[in-house]
Amino acid sequence: LERNINLSPNICGNSDLIPCKSDSFNSVTLVASINYIEDKVGTVKECHRVLRKYGRLIITCTSSLGGWIHHLLRPNQPQGIGRRQMRSLVEKDGLFRLVYDRPFMLGLNRVYVFGKEELKAIKIESIRNILREEVSGHHEILPHKSAESI
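It should be emphasised that the depicted structure is a prediction, and the values quoted were computed from it without experimental measurement. (Residues numbered from 1 in each chain as written. Predicted model: local features only at pLDDT ≥ 70, side-chain atom pairs only at ≥ 80, totals over all residues. Heavy atoms only, no water.)

Sorry if this is basic, but what is going on with the pattern of salt bridges here?
Where charged atoms from two side chains of opposite charge approach closely, those side chains can pair. Per the stated rule, a full pass over the model turns up 5 salt bridges. In this structure, glutamate 46 and arginine 49 form a salt bridge, with 2.8 Å as the shortest nitrogen-oxygen distance. One end of the pair is glutamate 46 and the other is arginine 49, both in helix α1 (residues 40–50) and 3 residues apart, which spans about a single turn. The class for arginine 49 is partly exposed, based on a relative accessible area of 25%. Across the pair aspartate 101 and arginine 110 runs a salt bridge whose closest N-O atoms are separated by 2.7 Å. Three or more residues are tied together by salt bridges with common partners; here these are Arg83, Asp101 and Arg110. (Salt bridge = Lys/Arg side-chain N within 4 Å of Asp/Glu carboxyl O. Helix = DSSP H or I, 4+ residues; strand = E, 2+ residues; numbered from the N terminus. Buried < 20%, exposed > 50% of the residue type's maximum accessible area, 1.4 Å probe, protein only.)

Here it is as structure tokens:
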């Protein structure tokens, strides 16, 4: 997008039909949106399609507790997504593997980092280095323990 000044840096469209070529991005970020997406499975598959080898899918969302509280205050809002439900959704069919998972905002929200299936062959330290490059300056979201202990 930086090379063509006529293109907008914003891409609008359906999350289950991203208007980009396959293997286009190093990371895809879904910030506070997956709770509202109707076709979550289709969205995850599309994210996998547009991610390059070793790509990362970064998701922030309302936790089960946060969603329950929010739903009490505003009944028309969707429920939160629990850790098991999120892993089941994103790791379905072996497309992604959980690399990092951490609560924030008093546990009312969570941040997840999933790696494309090729990440299985990389050591955890290498994943941390890849993420450090990606989030430059936001090292506080990086894990300090192995993914197996999550």
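Picking up where we left off.
Any chance you could explain the sheet that holds strand β1 (residues 25–31) here in plain terms?
Through backbone hydrogen bonds, the strands of a sheet pair up, either in parallel or in antiparallel fashion. Spatial ordering of the open sheet is given by β1-β2-β4-β3, a layout of 4 strands whose pairing is mixed. The sheet is open, and its two borders are formed by β1 and β3 (96–104), each paired with just one other strand. In this sheet, neighbouring strand axes are inclined to one another by 15° on average, regardless of whether the strands run parallel or antiparallel. Inspection of the sheet shows β3 paired to strand β4 (residues 109–116) by 8 bridges, in the antiparallel sense. Note on β4: the bridge partner recorded for arginine 97 is glycine 115. (Pairing = 2+ DSSP bridges. Axes fitted to C-alpha atoms, helices over the stretch in contact; angles between N-to-C directions.)

Is there a simple way to think about the pairing of β4 in this case?
Strand residues, when the strand is regular, have side chains that alternate between the two faces of the sheet. Of all 8 residues in β4, 8 are buried, a share of seventy percent or more. Where strand β2 (residues 51–62) and β4 come together, 7 bridges link them in antiparallel fashion. Of the residues in β4, the one forming a bridge with isoleucine 58 is valine 113.

Just geometry here; none of it tells us what the structure is for.
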